[in-house]
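Structural description and commentary
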Amino acid sequence: EEVARDARELGNKIEDTNKFLDASMDSTRNRLLSLDVVIQVTSGAFGFGALISAIFGMNLAVDQSMVVFTDHTEDDQPLTRVWGMTMFQWTLWVTIVLMVGIVAACWLWVTIV
């Protein structure tokens, strides 16, 4: 009778340990999936930045009267500078802010959810 009781108690402890290990492994798997999502979104954000860089970095023949990515043009058009920055600098900063914003939003979403 005492041996049977000890065997049942040992069986219950083994079941409890299995349940704890299952929960622990589920938690670890969920954290890894969250990290995977953050890494994929970060890769996408950098891909977005690379796309913008590729579009503006192409060696295209541009008519000099339409150049907006230099400090000044021949006519010194007012569109070349906005608040002291050239259009190239605006494009650069907007791209960086969008990339960081995408990554931050994903990180917040993963940590909150």
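This text gives an overview of the structure that appears in the document. (Residues numbered from 1 in each chain as written. Predicted model: local features only at pLDDT ≥ 70, side-chain atom pairs only at ≥ 80, totals over all residues. Heavy atoms only, no water.)

1. Topic: the overall build of the protein chain
Put simply, the rule reads: Working definition: helices are DSSP H or I runs of at least four residues, strands are E runs of at least two. Numbering for both runs from the N terminus. Type-normalised accessible area, obtained with a 1.4 Å probe on protein chains alone, sets the label of each residue: buried when under 20%, exposed when over 50%, and partly exposed for intermediate values. Pairs of residues are marked as contacts when any of their non-hydrogen atoms sit within 4.5 Å.
Looking only at helices and strands, the protein chain features two helices and two strands. Listed by position from the N terminus, the elements making up the protein chain come as α-β-β-α. The proportion of buried residues among the 113 residues of the protein chain is 11%. Considering only intrachain contacts with a sequence separation of at least 6, the fraction spanning at least 24 residues in the protein chain is 50%.

2. Digging into a nonpolar patch on the surface
The condition is simple: In this scheme, patches are assembled from residues that exceed 30% relative accessible area and form no salt bridge. Like charges are connected within 9 Å, while nonpolar side chains (Val, Leu, Ile, Met, Phe, Trp, Tyr) are connected within 5 Å. Calculation of accessible area relied on Shrake-Rupley with a 1.4 Å probe; when residues are assessed, cover is drawn exclusively from the protein chains displayed. The rule for a salt bridge is simple: a side-chain nitrogen of Lys or Arg has to be within 4 Å of a carboxyl oxygen of Asp or Glu.
There is a patch of nonpolar side chains on the surface, built from Phe 88, Leu 92, Trp 93, Ile 96 and Val 100 and spanning about 480 Å² of accessible area. Among the structural elements, Trp 93 can be located in helix α2 (residues 87-112). We classify Trp 93 as partly exposed; its relative accessible area is 46%.

3. Concerning the packing of helix α1 (residues 2-57) against α2
Applied cut-off: Comment: axis = line fitted to C-alpha atoms, over the contacting stretch for helices; angle = value between 0 and 180 degrees taken between N-to-C directions. Roughly parallel means an angle under 35 degrees; roughly antiparallel, over 145; roughly perpendicular, 65 to 115; everything else is oblique. Lys, Arg, Asp and Glu make up the charged group, whereas Ala, Val, Leu, Ile, Met, Phe, Trp, Tyr, Cys and Pro make up the nonpolar group; the residues left over, Gly among them, are polar.
The N-to-C vectors of α1 and α2 enclose an angle of 170°; their axes lie 9 Å apart at closest approach. By the criterion of interaxial angle, the relationship of α1 to α2 is roughly antiparallel. Contacts between α1 and α2 involve Ser 34, Val 37, Val 38, Val 41, Thr 42, Ala 45, Phe 46, Phe 48, Gly 49, Ile 52 and Phe 56 on the former and, on the latter, Thr 91, Thr 95, Leu 98, Met 99, Ile 102, Val 103, Cys 106, Trp 107, Trp 109 and Val 110. Looking at the contact of α1 with α2, its residues break down into 16 nonpolar, five polar and no charged.

4. Focus: α2
Rules: What a helix is expected to span follows from its residue count: subtract one and scale by 1.5 Å.
Its 26 residues place the ends of α2 37 Å apart at the C-alpha level, agreeing with the 38 Å of an ideal helix rising 1.5 Å per residue. For α2, the full list of buried residues reads Thr 95, Met 99, Cys 106 and Val 110. Looking at the buried side of α2, the elements it contacts are α1.

5. Looking at the pattern of salt bridges
Any two side chains of opposite charge can pair if their charged atoms end up close together. Taken as a whole, this structure holds two salt bridges when the rule is applied. Among the ionic pairs, Glu 9 bridges to Lys 13, the shortest N-O distance being 3.7 Å. With Glu 9 and Lys 13 both in helix α1 and four residues apart, the pair spans about one turn of that helix. The class for Glu 9 is partly exposed, based on a relative accessible area of 40%. Here Asp 26 ties to Arg 29 by a salt bridge, and the two come within 2.8 Å at their closest N and O atoms. Note that Asp 26 and Arg 29 are positioned in helix α1 at a spacing of three residues, about one turn of the helix.

6. Considerations on α1
The terminal C-alpha atoms of α1 lie 81 Å apart, and with 56 residues this matches the ideal 82 Å at 1.5 Å per residue to within 8%. Those residues of α1 that fall on the buried side of the exposure criterion are Val 38, Ala 45, Gly 49 and Ile 52. Those residues of α1 hidden inside the fold are in contact with α2.

7. What about the side chain of Thr 95?
Here Thr 95 lies in helix α2. Residues contacting Thr 95, with those up to four places away along its chain left out, are Gly 49 and Ile 52.

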